[in-house]
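One letter stands for each residue in the lines below.
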Amino acid sequence: MAGKDDDVKVLGVVVSPFAIRVRIALNIKGVSYEYVEEDIFNKSELLLTSNPVHKKVPVLIHGGKPISESLVIVQYVDEVWAAAPSVLPADPYDRAVARFWAAYIDNNMVPGMVGVLRAATEEERAAKADETLAAMAQLEKAFAEVAAKNGKPFFGGDSVGYVDLALGCNLHFLEAIRRLHGVALVDAGKTPLLAAWAERFVQVEAAKGVVPDADDAVEFARKIQARVAAAAASTAANYTDIQC
Ligand SMILES: N[C@@H](CCC(=O)N[C@@H](CS)C(=O)NCC(=O)O)C(=O)O
């Protein structure tokens, strides 16, 4: 078995929210790792063989063994580098609640957000924006409960935890949506607690240098939109299979 700090590699894409959450988790734990930038439009052999089922980033390769799915990876990182600070709460009930909200983010908020970016029509975009806003309102309520209970700055308490990672890794895309489509999905008017939380999240040391500038997300979103448009115009090529 590999030593704990041996040979840790992350296959990612700079703007990928899922890769970002893994990289921040490793930073929280103080694990040094090699970061390998993938081109998801032209996947490397290493990615294809490391994640043969989904063929997606991120993949964590620890001591030569690959692990896929960002939330699974974050839990693995938390268990392998178990010394504080921990990412998931210690209490089983609190852990279950954290997993619930992380799943909610990936199953409800992220598809809405991606839908806004990939929408073929303005009607579709508005519907996806509403979907995302509804998810944001739920998350605002969840965070209000955390704040009412202990007045802590993060879902994880005094420091960034599992739910913070799950949500915070999307902030650059939320800002890209505001710039590209004028839709504010986290803002001081509608979600004041989350807006303040987002400002704190990007200031966290472990997130610095990992959360990309929204300009990068804008550029990536434009690339995806161009592919969606090309796919709509062509029956021959299937360009829409890339997800982010
Ligand atoms: N559920 C996966 C999602 C990963 C994902 O969608 N990654 C995107 C980049 S943001 C990707 O690799 N897309 C390539 C593709 O769809 O073929 C996770 O949490 O790791």
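Being a predicted model, the structure only gives us computed values, none of them experimental. (Residues numbered from 1 in each chain as written. Predicted model: local features only at pLDDT ≥ 70, side-chain atom pairs only at ≥ 80, totals over all residues. Heavy atoms only, no water.)

A. Focus on the pairing of strand S1 (residues 8–12). With four of five residues buried, S1 is to be regarded as a mostly interior element. Bridge count for S1 against strand S3 (residues 59–62) is four bridges, and the pairing is antiparallel. What sits directly across from Val10, in S3, is Leu60. Pairing of S1 with strand S2 (residues 34–37) involves four bridges; the strand directions are parallel. Across the sheet, residue Lys9 finds its bridge partner in S2, namely Glu34. (Buried < 20%, exposed > 50% of the residue type's maximum accessible area, 1.4 Å probe, protein only. Helix = DSSP H or I, 4+ residues; strand = E, 2+ residues; numbered from the N terminus. Pairing = 2+ DSSP bridges.)

B. Seen up close, the state of the cysteines. Taken as a whole and judged by the stated rule, the model has zero disulfides. Free of any disulfide, Cys169 has its nearest cysteine sulfur in Cys244, 9.9 Å distant. Judged by its relative accessible area of 0%, Cys169 falls in the buried class. (Disulfide = S-S within 2.5 Å.)

C. Geometry of the UniProt feature "domain: GST C-terminal" (unreviewed entry) in the chain. Within this structure's numbering, the places UniProt gives as "domain: GST C-terminal" (unreviewed entry) are residues 91–220. Taken end to end, residues 91–220 has its terminal C-alpha atoms 39 Å apart, with 72% of it in helix and 0% in strand. (UniProt positions renumbered as here; feature names shortened; annotations may be inferred.)

D. Broad picture of the site of the ligand. Lining the immediate surroundings of the ligand are 13 residues, of which Lys43, Val57, Ser70, Gln243 and Cys244 lie closest. Contact distances for the ligand include 2.6 Å between an oxygen atom and a side-chain N or O atom of Ser70. Coverage of the ligand by the protein amounts to 91% of the 520 Å² it exposes when considered alone. Class assignment of the residues belonging to the shell around the ligand gives a composition of six nonpolar, three polar and four charged. (Near = heavy atom within 4 Å. Polar contact = N/O pair within 3.5 Å; in protein donor to acceptor, adjacent residues only side chain to side chain. Areas by Shrake-Rupley, 256 points an atom, 1.4 Å probe, with all protein chains shown as cover. Nonpolar A, V, L, I, M, F, W, Y, C, P; charged D, E, K, R; others polar.)

E. Structural view of the pattern of salt bridges. One pass over the structure, following the stated rule, counts nine salt bridges. Salt-bridge contacts for Lys29 lead to Asp78; the nearest nitrogen and oxygen are separated by 2.8 Å. With a gap of 49 residues between them, Lys29 in helix H1 (residues 17–29) and Asp78 in helix H3 (residues 70–80) connect regions that are remote in the sequence. As far as burial versus exposure is concerned, Lys29 and Asp78 are alike and both buried. Between Asp215 and Arg179 there is a salt bridge; the shortest N-O distance is 2.5 Å. Of this pair, Asp215 sits in helix H9 (residues 214–233) while Arg179 sits in helix H7 (residues 171–181), and the two are 36 residues apart along the sequence. (Salt bridge = Lys/Arg side-chain N within 4 Å of Asp/Glu carboxyl O.)

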